[in-house]
Amino acid sequence: MEKRIEEKIRAPGPKGLALLLLAVSLAFLCMQLSKMGEIGSFLWLERPSSDEIYLLDYPKIVESSGMATFWAYSSAARECELCGRTVELAKGENRLQSSPAACENSTMRLACGGRSLSFTFVESAALPCEMVSATVSERLENRTLLLSISGNGIANGFHPLEISVNGEKAASPLHMLEGSFNFTEHVPAPDGVNHYEVRYGGELLGAGSFSQEPAFSPFALASILLCAALAFTWANAGSADRLLIFIVLLSLALVAEFRLDYYGLGFIVPAALLPFAFAGVSRCMKQAGQKHDSPEKGEKGLLAQAIAFGLLFAALIALINLAIYSFDIWGAYYFRHAGEAFARGTTSYFDSLSYLGRPFTYPPVFFEFCAEFSRAFAFVFPAYESFRVPLGLLVAFAYGATSLIAFRRLPFNSRILAAAILVTLWGTVMTAAGIGIQLLAFTLVNCAVALMASRPLFSAIGLGLGFAAHPLALALYPFMALSANAFSASRRLVVWGAIIAFAAVLVSLPFYLPIFLRAGLPYEIVPQKWGYLLSYGIDGIRFGMGFLLPLALAGIAYALHSRKFILPAALLSSIILFSAFVSQRADIIFAAAAAGFVPLAFRRQLEDRRFLALLLLAFILPAIALGAIVMNGTTYYCSWGLSNDVCVSPMKYVSSYSPSSARVALNPLYGHVETYVGKRAVLADLYVEYADEEKFLAENNFYEQGNASGLEKFNVTFALLDDFTKPRVVPGADRVYDNGYMHAFRLG
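What counts, and at which threshold
- Residues numbered from 1 in each chain as written.
- Predicted model: local features only at pLDDT ≥ 70, side-chain atom pairs only at ≥ 80, totals over all residues.
- Heavy atoms only, no water.
- Helix = DSSP H or I, 4+ residues; strand = E, 2+ residues; numbered from the N terminus.
- Buried < 20%, exposed > 50% of the residue type's maximum accessible area, 1.4 Å probe, protein only.
- Contact = heavy atoms within 4.5 Å.
- Disulfide = S-S within 2.5 Å.
- Expected span 1.5 Å × (residues − 1).
- Phe/Tyr/Trp six-rings, centres within 6.5 Å; stacked < 30°, edge-to-face > 60°.
- Lys NZ or Arg CZ within 6 Å of the ring centre and 35° of its normal.
- Core = buried A, V, L, I, M, F, W, Y, C linked by side-chain atoms within 4.5 Å.
- Pairing = 2+ DSSP bridges.
- Axes fitted to C-alpha atoms, helices over the stretch in contact; angles between N-to-C directions.
- Polar contact = N/O pair within 3.5 Å; in protein donor to acceptor, adjacent residues only side chain to side chain.
- pLDDT = per-residue confidence, 0-100.
- Salt bridge = Lys/Arg side-chain N within 4 Å of Asp/Glu carboxyl O.
- Parallel < 35°, antiparallel > 145°, perpendicular 65-115°, else oblique.
- Left-handed = near helix turned anticlockwise from the far one by under 90°.

### Side note on the side chain of S414
Then, number 1: Within the element layout of this structure, S414 appears in helix α10 (residues 412–424).
Then, number 2: On the accessibility criterion, S414 (5% relative accessible area) is buried.
Then, number 3: Every residue in contact with S414, bar those within four places of it in the chain, is listed here: P599 and L606.

See below:
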């Protein structure tokens, strides 16, 4: 009698447990909404638009007795004040005039409610007669048209240098061509035969034609097809294993081909694959119709489940891109360097934009994979940027599919829940939505874990490529391996896992050693600010882990209550505390451990599909929905890690209206976005590995403390500032752009 009472206390019934978990979910939702209210007004998935004004042409020398004239663009009709008088701005370009005498402190100021533009000027009794004589020469470099412009001029202000390619405006950088000048402007070079013109003040300075060869690689396309033929005809492999083998083989082939292409030897990879693929196809044709044992006993539907799950995850990522219209700040770094690798054919190049020049790119495999995959389809997508989103969705599909296969040892319901937990973490979803580097690395880790027992060679190769795609994969691997094996740390698992990990490190060394020999081991100058020691305490895990946190805690409480799985529960608890107080980067390790532990803790209840549906509706769905709202941001648009139109609009202005030689200072967190969207060199871009401490401190002191003394040393010419927490200005600088939140200043 007493034993039965004790069992009832220890093991609540299915209905009681379901009601308890539902109450936990609702309580956590209330806590999250309350905290969101404290932070500020959330956008709630509204797509923000940038309401902007900016200068198109403005003087620096004005006639004392005349009228100063300048041009400004406004995205909407509005009433403004110009040096004490009211003016009306129409939507589009506006020609404005004011008497210099009406302007205080020799500053022309246009104030439009919460937006304003201003520039200083010098009065003169008579204006110089503006003129310019110049020569223009062109050359192609890395799929970019470089226009070298030199000559002499007399100017009284900044005017657009209009560059058109095939009759369409490519750029209009503002230049004050005073005295002798010699500079180079960069514009994208479309495929085929193209014509360009360069004009200044309406006068034609130069024109010419250039031809750009397509980047299409038939060898890359052949390698993809041959990898598919070889992998999906692999002898004695189940269909799920064949998908994993295809992903590993494809990654290896494309990376190897990218490196060989640099020496004109890209044909070697498809040539090596051809006989093996032919043999595999021939064998399958001979066996067609014959009865033979299938290696897929017990998991016939695993591949179909993986494909369905992968498609759902890719659809979620596509929806987030459509609804939020954002990309994460780290993704911008990978977009740009994948594009550079596509254009240059190598990842060993001098990066002139990052930190005003870095002699290497780190880490390399993601960029090489993306570049070579893009070249395979360059006959449809002529540049990496045009193929970036489709390729990203393919990687998202692969990650979702391999996440499900990695938990193949679990029963169906538990497998679905485990994969859902793994892919629902918002740190991962944000990376997927931004199509950053981690997703490819995590996909290869999934492949390595799923192939450990059946294909150890492919497991080691996949894991090594995963390490070379992102170092975080090295920390994720052991936790993912434990989780996928239901925390059954057998001797065989530990031994083989260690052997595979050691072999994987050897595979990754050829990619890392050239960088290590050139720059030393990776280091971070501010690990507590943006690096591996960054943490936000309890609030950090509440927002970073979202609804996965109460689900994991419920699993831990239930395990402790039933006195089972104590060690996995302690491990997961330690990871949560580590993520809260030591390193936010442990969140992906938390997701991997929780994905294996929660289905283990509730294994009996998950035999009932209604219980699975409850967990999906009470925790997984809110994690996705509320996570999207949180990451969409507050009214402090550019402070949450995702960039939207309000944040990137000034960078688009800089890209179009500043010289290619411009150097930019801004919030270091958004340096990646500036180099990607603005295409201009930044003083610090906060890619924390191998950061330049002096340049970072110069920019960070400017952004946080308003100290611009460090900018002069590095010849910074533009500053992008926001009003997050406090208004920011640059005294004496021309305010050339304002959208009410972000501002651009021309320095010097």
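### Things to note about the state of the cysteines
Then, number 1: The tally for this structure, following the rule as stated, stands at two disulfides.
Then, number 2: One disulfide in the model links C80 with C112; its S-S distance is 2.0 Å. Around the S-S axis, the bridge from C80 to C112 shows a dihedral of about 105° and counts as right-handed. Placement of the pair is C80 in strand β4 (residues 78–82) and C112 in strand β7 (residues 107–112), with a sequence separation of 32 residues. There is no split in this pair, since C80 and C112 are both buried.
Then, number 3: Between C83 and C103 runs a disulfide, and the two sulfur atoms are separated by 2.0 Å. Its torsion about the S-S bond being 100°, the disulfide of C83 and C103 is classed as right-handed. In this pair, C83 sits in the loop between β4 and β5 (85–89) while C103 sits in the loop between β6 (92–98) and β7, placing the two residues 20 residues apart along the sequence.
Then, number 4: Residue C83 is classed as buried on the basis of its relative accessible area of 13%.
Then, number 5: The thiol of C370 is unpaired, and the distance to the nearest cysteine sulfur, on C447, comes to 15 Å.

### Quick word on helix α3 (residues 218–231)
Then, number 1: For α3, spanning 14 residues, the distance from its first C-alpha to its last is 20 Å, which sits close to the expected 20 Å at 1.5 Å a residue.
Then, number 2: Restricting attention to buried positions, one finds in α3 the residues A220, L221, S223, I224, L226, C227, L230 and A231.

### Here's the deal with the packing of aromatic side chains
Then, number 1: Taken as a whole and judged by the stated rule, the model has 34 aromatic pairs.
Then, number 2: Judged by centre distance (6.1 Å) and plane angle (25°), the rings of F373 and F387 are stacked. Here F373 is found in helix α8 (residues 365–376), whereas its partner F387 is found in helix α9 (residues 384–406), with 14 residues between them in sequence.
Then, number 3: With a relative accessible area of 9%, F373 lands in the buried category.
Then, number 4: The structure contains a cluster of three or more aromatic residues connected by ring pairs, namely F216, F369, F373, F377, F379, F381 and F387.
Then, number 5: The ring of Y349 is capped by R344, whose NZ or CZ atom sits 4.6 Å from the centre of that ring.
Then, number 6: The residue whose ring lies beneath R388 is F335, and the NZ or CZ to ring-centre distance is 4.0 Å.

### Some details on the environment of P471
Then, number 1: Positionally, P471 belongs in the loop between α13 (456–469) and α14 (472–484).
Then, number 2: Since its relative accessible area comes to 34%, P471 is described here as partly exposed.
Then, number 3: In sequence terms P471 and Q438 are 33 residues apart; their C-alpha atoms lie 9.2 Å from each other.
Then, number 4: The contacts of P471, once residues within four sequence positions are left out, are Y362, P363 and Y512.

### Observations regarding the nonpolar core
Then, number 1: Grouped together as the largest cluster of nonpolar side chains are 163 residues, with contacts concentrated most on F313, F407, I421, M480, L572, F590 and F597.
Then, number 2: Discounting residues that sit within four places of it in the chain, L572 has contacts with A552, I556, F590, A593, A594 and F597.

### Quick word on unusual backbone geometry
Then, number 1: In the Ramachandran plot, N105 falls in the positive-phi region, its phi being about 55° despite a non-glycine side chain.
Then, number 2: By the element assignment, N105 lies in the loop between β6 and β7.
Then, number 3: Phi angles above zero are rare outside glycine, and K679 is one such case at about 55°.
Then, number 4: Position of K679 among the secondary structure elements: in the loop between α22 (671–678) and β21 (681–682).

### Points about the environment of V269
Then, number 1: With respect to the helices and strands, V269 occurs in helix α5 (residues 268–287).
Then, number 2: Spatially, the C-alpha atom of V269 lies 63 Å from that of M108, the residues being 161 residues apart in sequence.
Then, number 3: Setting aside anything within four residues of it in sequence, one finds V269 in contact with S223, A253, A256, E257 and L260.

### Digging into the pairing of β4
Then, number 1: Burial along β4 is one-sided: R78, C80 and L82 are buried, while E79 and E81, pointing the other way, are not.
Then, number 2: Bridging between β4 and β5 involves five bridges; their strand directions are antiparallel. Within the sheet, the bridge partner assigned to E81 lies in β5 and is T86.
Then, number 3: Remark: two residues form the turn of the hairpin made by β4 and β5, two consecutive strands paired antiparallel; C83 in that turn has positive phi of roughly 50°.

### Let's talk about the sheet that holds strand β15 (residues 179–188)
Then, number 1: Spatial ordering of the open sheet is given by β10-β11-β15, a layout of three strands whose pairing is antiparallel. The open sheet is flanked by β10 (131–141) and β15, the only strands paired with a single partner. When strand polarity is set aside, the average angle formed by the axes of neighbouring strands in this sheet is 20°.
Then, number 2: Pairing between strand β11 (residues 144–154) and β15: 10 bridges, direction antiparallel. In the strand pairing of β15, L146 is matched with H186.

### Examining the environment of L312
Then, number 1: Note on placement: L312 falls in helix α6 (residues 302–324).
Then, number 2: The exposed category is assigned to L312, whose relative accessible area is 63%.
Then, number 3: Spatially, the C-alpha atom of L312 lies 8.0 Å from that of G400, the residues being 88 residues apart in sequence.

### What to know about the side chain of R728
Then, number 1: Locating R728 in the fold gives a position in the loop between β22 (718–722) and β23 (734–738).
Then, number 2: According to the relative accessible area criterion, R728 is buried, its value standing at 10%.
Then, number 3: A polar contact is formed between the side chain of R728 and the side chain of D722, at a distance of 3.0 Å.
Then, number 4: If we skip the residues at most four places from it in the chain, R728 touches Y703, L721, D722, D723, H743 and F745.

### Looking at the confidence of the model for the protein
Then, number 1: Summing up the model confidence of the protein, the mean pLDDT is 88 and the portion of residues at 70 or higher is 93%.
Then, number 2: Taken as a whole, residues 1–10 scores under 50 in pLDDT and shows three contacts with residues more than four places along the chain or in a different chain.

### Section: the pattern of salt bridges
Then, number 1: Here the structure, examined in full by the defined rule, presents 19 salt bridges.
Then, number 2: A salt bridge links R388 to E385; the nearest nitrogen and oxygen atoms lie 3.2 Å apart. Here R388 and its partner E385 are both found in helix α9, three residues apart, which amounts to about one turn of the helix.
Then, number 3: Judged by its relative accessible area of 39%, E385 falls in the partly exposed class.

### What to know about the packing of helix α4 (residues 239–261) against α13
Then, number 1: Packing of α4 against α13 leaves a shortest axis separation of 10 Å and a crossing angle of 55°. When the axis of α4 is compared with that of α13, the two are oblique. In terms of crossing hand, the pair formed by α4 and α13 is left-handed. Across the interface between the two elements, I245, V248, L249, S251 and L252 of α4 pack against F458, I461, G462 and L465 of α13.

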